[in-house]
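A closer look at the structure
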Protein chains: 2
Amino acid sequence: MATIKDVARAAGVSPSTVSRVIAGSDRISLKTKERVRRAMERLDYVPNAIARSLARSHTRTVGFTLARRADQAFSNPFFSEVLRGMSSVAQKRDYNILLSISMDEREERDKCLQLLRERRVDGLIVSTSRIEDPLIEALVDEEVAFVVIGRSASRPVLSVNNDNIQASYQAAMHLLKQGYRQIAFISGPSELVVSEDRLKGYQQALMDSGIPVSKDHIASVEFSEEEGFQALSRMREQGIPFDAVLAADDLFALGALRFAQEYRISIPDELGIIGFNDTPLMTYTHPPLSSVRILSYELGVEAMELLIDVLEHPEKRRNSKEIVLPSQLEVRRSTSR
Amino acid sequence: MATIKDVARAAGVSPSTVSRVIAGSDRISLKTKERVRRAMERLDYVPNAIARSLARSHTRTVGFTLARRADQAFSNPFFSEVLRGMSSVAQKRDYNILLSISMDEREERDKCLQLLRERRVDGLIVSTSRIEDPLIEALVDEEVAFVVIGRSASRPVLSVNNDNIQASYQAAMHLLKQGYRQIAFISGPSELVVSEDRLKGYQQALMDSGIPVSKDHIASVEFSEEEGFQALSRMREQGIPFDAVLAADDLFALGALRFAQEYRISIPDELGIIGFNDTPLMTYTHPPLSSVRILSYELGVEAMELLIDVLEHPEKRRNSKEIVLPSQLEVRRSTSR
DNA sequence: CTGTTAGCGCATTCAA
DNA sequence: TTGAATGCGCTAACAG
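The structure presented is a predicted model; accordingly, all values stated were derived computationally and were not measured. (Residues numbered from 1 in each chain as written. Chains lettered and ligands numbered in written order. Predicted model: local features only at pLDDT ≥ 70, side-chain atom pairs only at ≥ 80, totals over all residues. Heavy atoms only, no water.)

1. What about the pairing of strand β10 (residues 290–293) of chain A?
Residue and element names in this part refer to chain A. What counts, and what does not: Pairs of strands are assigned from DSSP output, requiring at least two bridges between the strands. Numbering of helices and strands runs from the N terminus, with a helix taken as a DSSP run of H or I at least four residues long and a strand as a DSSP run of E at least two residues long.
Two strands pair when backbone bridges link them, and strand β9 (residues 272–277) and β10 are joined in this way by four bridges, in the parallel orientation. Following the sheet pairing, N277 is matched in β10 by R293. Where β10 meets strand β12 (residues 328–330), three bridges bridge the pair, whose relative direction is antiparallel. Across the sheet, R293 pairs through a bridge with Q328, a residue of β12.

Below is the structure:
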């Protein structure tokens, strides 16, 4: 493997001259520039990225970390899409992505800090956002360049999020317009910012429609189909009436679907169901389920662009900025009566 | 950020001594070892991975590349699971994953070669395996350490694969045992090794059962639900009778499902359907679809372990080795009559 | 416009 | 058991 010295020798110049033509310096004669180019060509020379990183003290790679357990894992393609979006702009702007999937948040936090301290990455994209998020706290304290996918409730940071409140509001409004009056809401873990936001939209919609918000209609459970099923079963057992379900995740909507089947409740007539994320699955169920489509790919694109922007303009690092992407309601048979 | 020099100064030793305790050298007195340890602790010192990489000329990071277009993309969680598997062993053995998602194979090939030439990665895991695969050819020619997820039809390489032939054979046998006699086979693009293998299993099963293999019953199309649907529609138009569909991908099975619905063909009575990959989706369709479950997570685990093994034992690099993981038939209503 | 010099932070000889 | 010297491959400040 040829080094910069080999090229210099072959072209009859000094290594720094070669370095300059690599960098595209303009104060170099076209003649030697050409000569160096040919030498590089001939020797099949490619600059060693590690050496460059050491000399310039940045790596042009960003870390992306997330914590998923086996069960929930990637059952929906959300993160895959985010990754695709991130990768496409990374490719375009000549950055690389270092990926790490952890078992839990603790492991994720350690991994982030490690990547940073080892100087393997210039910045980070993280996706966990709990209401009190120790990872985010640590990152702002260490003054690292990072952007969160989601929203930070504690500190002002750079973030890219979808309009959860608005989306949830509209989903609830849609149910109301279809004539449903008693809407159950199945939320994910309450320590997540996303749960808080979606709940807020739901509540706001009811209030704006003059419908009292009842705690009985709100469940907060772990993300899984089974938990969604159970949540509704419990409401039914307790004699709490509901004629629609707004599910903060498609998994819950699936659970609601099974619930309806089990108790022979007809959809959409007796029960309306709407989910969140619009996984491909939703069009294949019986009946097809309405859902809020998230622009996951675009989320990844925006996050990466924001991060690179900050990386290349350190003066912007102090700013906080919240990009919000619109989501769109996909109405299907489960809410069309 | 403290460097090795700072630690050396603080501990009153030379940088090389510090380097030795980092490396865990045993020819160092316990006393100085302790002193250095404390200094590292006090200064919150973490070795710079880039500098280490340059000095030792390897990075402890492996590249994972794949080419996906927007449409097919990650509609199934196969690659997400592979990634989780890879990441879990990478974590354990202190390796990192550099991820790149390309638009097409050409871009993927370029990216692989770039990562290698720039020395950003020590080795590669690739997942494309076409019958004639220029990427694989290039990698063996350049003598790089890599493992393919899938099977290489051209050159002997390190690979981790699932038992496609066997799985397809058993799927077909299952249909036969259920009494289906005219089995249509929907295959992916014929240039993929996986298509070849699954076709082979199907053919073998028919032959072993004394049933003639007819070209009319075999379609080869791009991966999509729509193409699966179209393939069957064409057979029907041409008056080719079939009472079951063996789909080389769940997407095709979904297309077959829609086909059955459209023409009011009852499943499983008039038409049996079985897919490949067992995406979570399959349990939610109406009726639930049988499918061959692939051990995607384990595929990632094995691939990463194999690669790291080779990386740390260069003498093994010349060997080729093919690890084959079993898959399992998930029988559901779509084939139970 | 170009070469010389001095790092970047660490690992690894070679001596002592 | 330890330190000094050298190199990994490249960039950048300073001269000229």
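2. What to know about the sheet that holds strand β9 (residues 272–277) of chain B
All names here are of chain B. The test is simple: Working convention: axes come from line fits to C-alpha atoms, limited for helices to the stretch in contact. Angles between N-to-C directions cover 0 to 180 degrees. Pairs of residues are marked as contacts when any of their non-hydrogen atoms sit within 4.5 Å.
Strand order in this open sheet of six strands is β7-β6-β8-β9-β10-β12, and the pairing throughout is mixed. Looking at strand neighbours, the two that pair on one side only are β7 (218–220) and β12 (328–330), the edges of this open sheet. Strand-to-strand, the axes of this sheet are offset by a mean angle of 20°, without reference to chain direction. Against the sheet, helix α10 (residues 225–237) touches β6 (183–187), β7 and β8 (244–247), its axis set at about 140° to β6.

3. Observations regarding the sheet that holds strand β7 (residues 218–220) of chain A
Residue and element names in this part refer to chain A. Read from one edge to the other, the open sheet built from six strands follows the order β7-β6-β8-β9-β10-β12, with strand pairing classed as mixed. Strands at the two margins of the open sheet, each flanked by one partner only, are β7 and β12. Here the average twist between neighbouring strands, direction ignored, is 15°. Contacting β6 (183–187), β7 and β8 (244–247), helix α10 (residues 225–237) runs over the sheet at an angle of about 140° to β6.

4. Concerning the side chain of N162 of chain B
Residues and elements named next belong to chain B. Applicable threshold: The buried label applies to any residue whose accessible area, calculated with a 1.4 Å probe on protein chains only, is under 20% of its type's maximum; exposed applies above 50%, and partly exposed to all values in between.
Structurally, the position occupied by N162 is in strand β5 (residues 158–162). Look at N162 and you get buried, because its relative accessible area is 8%. In this structure, N162 is in contact with R198, I294, L299, V324 and L325, ignoring residues within four places of it in sequence.

5. As for the domain arrangement of chain A
Condition: Domain segmentation is taken from an automatic or database assignment of domains.
Annotation of chain A at the domain level lists domain 1 (4–42), domain 2 (61–162 + 297–325) and domain 3 (164–294). On a C-alpha basis, the centroid separation for the pair domain 1 of chain A and domain 3 of chain A is 64 Å.

6. Things to note about the packing of aromatic side chains
The criterion, for reference: A pair of Phe, Tyr and Trp rings is counted when the ring centres sit within 6.5 Å of each other, with Trp represented by its six-membered ring. The angle between the planes then sorts it: under 30 degrees is stacked, over 60 is edge-to-face, the rest tilted.
The tally for this structure, following the rule as stated, stands at eleven aromatic pairs over all chains. Aromatic side chains F223 of chain B and F252 of chain B sit 5.7 Å apart centroid to centroid with 15° between the ring planes, which places their arrangement in the stacked category. Taken together, the residues span a long stretch of sequence, with F223 of chain B in the loop between β7 and α10 and F252 of chain B in helix α11 (residues 250–262) at a distance of 29 residues. With respect to class, F223 of chain B is no different from F252 of chain B; both count as buried. A network of ring pairs unites the aromatic residues F64, F78 and F79 of chain A as a single cluster.

7. Concerning the interface of chain A and chain B
Reports of interface size often rely on the accessible area that becomes lost once the parts have come together. Put simply, the test is: What counts as buried area is the accessible surface, traced by a 1.4 Å probe, that two parts surrender upon association, with contributions from both included. A pair is scored as a salt bridge if a Lys or Arg side-chain nitrogen falls within 4 Å of a carboxyl oxygen belonging to Asp or Glu. For the purposes of these results, a polar contact is taken to be a pair of N or O atoms within 3.5 Å, where, inside protein, one atom must be able to donate a hydrogen and its partner to accept one; residues adjacent in sequence count only when each atom of the pair is a side-chain atom. All amino acids are sorted into three groups, where Ala, Val, Leu, Ile, Met, Phe, Trp, Tyr, Cys and Pro are nonpolar, Asp, Glu, Lys and Arg are charged, and the leftover types, Gly among them, are polar.
With 48 residues of chain A at the interface, the matching set in chain B holds 48 residues. Carbon and sulfur atoms make up 61% of the surface buried where chain A meets chain B, a total of about 4500 Å² over both sides. The tally of links from chain A across to chain B stands at zero salt bridges. Inspection of the region where chain A meets chain B yields eleven residue pairs in polar contact (both at pLDDT 80 or more). Contributions of two or more residues to the side of chain A that touches chain B are made by α4 (49–56), α5 (78–92), β2 (96–102) and α6 (105–117) of chain A. Tallied by class, residues from the side of chain A that touches chain B come to 22 nonpolar, 13 polar and 13 charged.

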